[in-house]
Amino acid sequence: MAKYKIAMLPGDGVGNDVMEAAQLVLDKINLDAEYIHGDIGWEFWKTEGDPLPQRTIDLLNNCDASLFGAITSKPKDEAAAELVPELRDKGLVYFSPIVKMRQLFNLRTNFRPCKAYNGNPLNYKDGIDITVFRENTEGLYAGIEYHPVPEEVWKVLMDTHPKAKRFDSTPRVDMALSLRLFTRKGCQNILRDAFEYAKKNKCKSVTVVEKPNVLRETSGLMVREARKMQKEEYPEIELWEANIDAMTMWLIKNPMDYSVLVAGNMFGDIISDLCAQLVGGLGFASSGNIGDKLAVFEPTHGSAPKYAGQYKVNPIAMILCVKLMCEYLGENAHAQAIEKAVAEVIAEGKYRTYDMGGNSTTLEVGQAIADKL
Ligand code: IPM
Ligand code: MG
C-alpha cells in the first residue's frame, strides 16, 4: 500500500490543464502515493445538481491530502438555468464547492505564499516575499445570509440594536443581509498559524489586516486577540496593524516592508489577490487550505473557461501547490527540490507561458520543471 492517498480534483476549465502539468512533476519525484481522481465542478452541477458529489466527499474523508485545480462559478439564476431539464424547478441552488469543502472539512487556515522569483518579468518588484494567512471558514463566508430578511430576524435586530431603526421603513424584500461572524477560536487559530510561521521563518513582523475602526466587533475581536497573543506568546515578533483599505496602498508603495499578513476571510481573499499580482499574477499564486485531518492545495486562479483545454495557462501556481503539499506531508526534500526547479525555470526564461511573454504550453513548462528534478 502506498504511504499517501492523494485526491486529484482537477475541476473545470484550465484546472484540467494545470493538473496534467502537476502530474508530470509528481511522476518525476516519485512520491510513494496513490493518486485518486475525484469528480467536482460544473459538469456535476449540470448533470447531478451537485458540484461536490457525496462520492467525492467520501474520497476526501479517506485521503491525506488533495490537489484541486479550479472551479467555474456562476450566479444563482444562471447556474439554475444550466441544469439538465429533469433537474430544473427542483429548487436546487448552486454553491461553491471549494467554500463548502473548506467548511465541511474544517480547513480553517488558508495559507497563501507570494514570492517574487528572480528573473520573473512579471514581478512588481524583485525580492517580494509575503505570506498571507486567511481565516477560511467564518466571517462573511459563514454563509448566513438572508434575502428577503425574515420578519423574526428583523425583530431581533430592532429589539437589540439601536442602529436597526434607521432601516425599519425598508420593506424586508428590499433588504439583503450577510452576517460577518467571527469566533474567538477562529481568530486565535489563524493568528497562531501566522505567528508560528513568522517564528519558524524568522520574520520580523506579523501584520493584522482588518478594519477595527469601523467593524468594531469583528475586526476588533481579531485585533484584540492579535495584541494579546503577541504580548503573551510572541514578544520577539512585532505586531503591525493595518486597515484593509490602507493596506492596498501600502502594499503597492512599500511591498518589501511586509512578510506575514493575517486577516479574516473576506479581507484575506482580497489582499491575497493583490499580493499575487505583486509577484506575477495568479499564475504564480498557490494556496493551501489546511485543517486538522485534511489539506487541499489549489492555485488561487479560476478556471478561465476561454482557455480551457488549450494548454496555454501558466502551471507554476499548480506546481507550487505540489510543493506546498509535499511540505504538509513532511516531504521537505521534495518540497525544496520542486521550488528550486521552479525558480530555475523562471530564471532561465527559456520556457514561458503567454502571461510571461513566451509561447510555451502548459505542459512544456511543466516538463521543463520536471526535467530539473
Ligand atoms: C479564492 C477564491 C474563492 C474565494 C472563490 C472561488 C469562491 O476567490 O480562493 O480566493 O472567494 O475564496
Ligand atoms: Mg479569491
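Check the entry above for the structure.
Counting restarts for each chain: residues are numbered from 1 in the order of the written sequence. As they are written, the chains are lettered A onward and the ligands numbered 1 onward, keeping that order. Side-chain atom pairs in this predicted model are given and counted only at pLDDT of 80 or more, local residue features only at pLDDT of at least 70, and totals for whole chains, interfaces and linings cover all residues. Side-chain figures throughout are based on the complete set of non-hydrogen atoms in the structure, without hydrogens or water.

Moving on, we get to the overall build of the protein. Helix and strand counts for the protein stand at 13 helices and twelve strands. Whereas a compact globule of 373 residues would reach a radius of gyration of roughly 21 Å, the protein reaches 21 Å, a difference of no more than 12%. Overall, the C-alpha framework of the protein stretches about 65 × 60 × 40 Å when taken along its three principal axes. Buried means the residue's accessible area, taken with a 1.4 Å probe over protein chains only, is under 20% of the maximum for its type, while exposed means over 50%, and partly exposed covers the values in between. Residues classed as buried in the protein amount to 50% of the 373 residues present. Here the analysis covers contacts within the protein between residues at least 6 apart in sequence; of these, 77% occur between residues at least 24 apart. About 17,600 Å² of surface is accessible on the protein, with carbon and sulfur atoms providing 52% of the total. Positive and negative charge centroids in the protein, built from 44 and 51 side chains respectively, lie 5 Å apart. A run of H or I in DSSP becomes a helix once it reaches four residues, and a run of E becomes a strand once it reaches two; helices and strands are each numbered from the N terminus. Values of the radius of gyration come from C-alpha atoms, whereas the globule rule sets the reference at 2.2 Å times the count of residues to the power 0.38. For this analysis, residues touch if any pair of their heavy atoms sits within 4.5 Å. The Shrake-Rupley method, run with a 1.4 Å probe, gives the accessible areas here. Residue values count only the displayed protein chains as cover. Positive residues here are Lys and Arg, negative ones are Asp and Glu, while His and the chain termini are left out of the count. By convention, the charge on Lys lies at NZ, on Arg at CZ, on Asp at CG and on Glu at CD.

On to the site of ligand 1. Taken together, Ser96, Val99, Arg102, Arg112, Arg134, Tyr141, Asp269 and Glu298 are the residues near ligand 1. Here a polar contact is taken to be a pair of N or O atoms separated by no more than 3.5 Å, where protein atoms must pair a possible hydrogen donor with a possible acceptor and residues adjacent in sequence count only if both atoms sit in side chains. Within the side chain of Arg102, a nitrogen or oxygen atom sits 2.7 Å from an oxygen atom of ligand 1. Between ligand 1 and Arg134 there is a distance of 2.8 Å, counted from an oxygen atom to a side-chain nitrogen or oxygen. Protein contact buries 71% of the 320 Å² of open area that ligand 1 shows by itself. Under the convention adopted here, Pro, Cys and the residues Ala, Val, Leu, Ile, Met, Phe, Trp and Tyr are nonpolar, Asp, Glu, Lys and Arg are charged, and Gly plus all remaining residues are polar. Per-class residue counts for the shell around ligand 1 are two nonpolar, one polar and five charged. When at least one non-hydrogen atom of a residue lies within 4 Å of a molecule or strand, that residue is treated as near it.

Let us look at the packing of aromatic side chains. Each aromatic pair joins two rings of Phe, Tyr and Trp (for Trp, the six-membered one) with centres within 6.5 Å, and gets the label stacked for planes under 30 degrees apart, edge-to-face for over 60, and tilted for any other angle. Enumeration according to the criterion identifies ten aromatic pairs in this entry. Both rings, one in Trp240 and one in Tyr258, keep their centres 5.9 Å apart while their planes meet at 85°; by these two values the pair is edge-to-face. One end of the pair, Trp240, is in strand 9 (residues 238–243); the other, Tyr258, is in the loop between helix 9 (244–253) and strand 10 (260–263), and 18 residues separate them in sequence. Looking at Trp240, the relative accessible area reads 25%, which means it is partly exposed. Classification of Tyr258 by relative accessible area gives buried; the value is 10%. An aromatic cluster is present here, built from Trp42, Trp45, Tyr94 and Phe95 joined pairwise through their rings. The ring centre of Phe267 lies 4.6 Å from the NZ or CZ of Arg180, which sits over that ring. Put simply, a charge is over a ring when the Lys NZ or the Arg CZ is close to the ring centre, within 6 Å, and near the line of the ring normal, within 35 degrees.

Of all six residues making up strand 8 (residues 205–210), six are buried, and the element is well covered by its neighbours. Pairing between two strands requires that DSSP report at least two bridges joining them. For strand 8 and strand 9, the ladder comprises six bridges, and the chain directions are parallel. Its bridge partner lying in strand 9, Val209 is registered against Ala242. Place the viewer so that the strands point away; then a crossover is right-handed whenever the path from the first strand over the helix to the second strand goes clockwise. Taking the sense of rotation as the criterion, the β-α-β connection linking strand 8, helix 8 (residues 218–233) and strand 9 turns out right-handed.

Before going further, it helps to examine the nonpolar core. Residues belong to one nonpolar core when they are buried, are Ala, Val, Leu, Ile, Met, Phe, Trp, Tyr or Cys, and are joined through side-chain atoms within 4.5 Å. The biggest cluster of nonpolar side chains holds 64 residues, and the ones touching the most others in it are Leu67, Met325 and Ile369. Looking at this core element by element, the count peaks at nine residues for helix 11 (residues 316–328). Within the second largest apolar cluster, 22 residues are counted, among which are Ala7, Phe68, Phe105 and Leu294.

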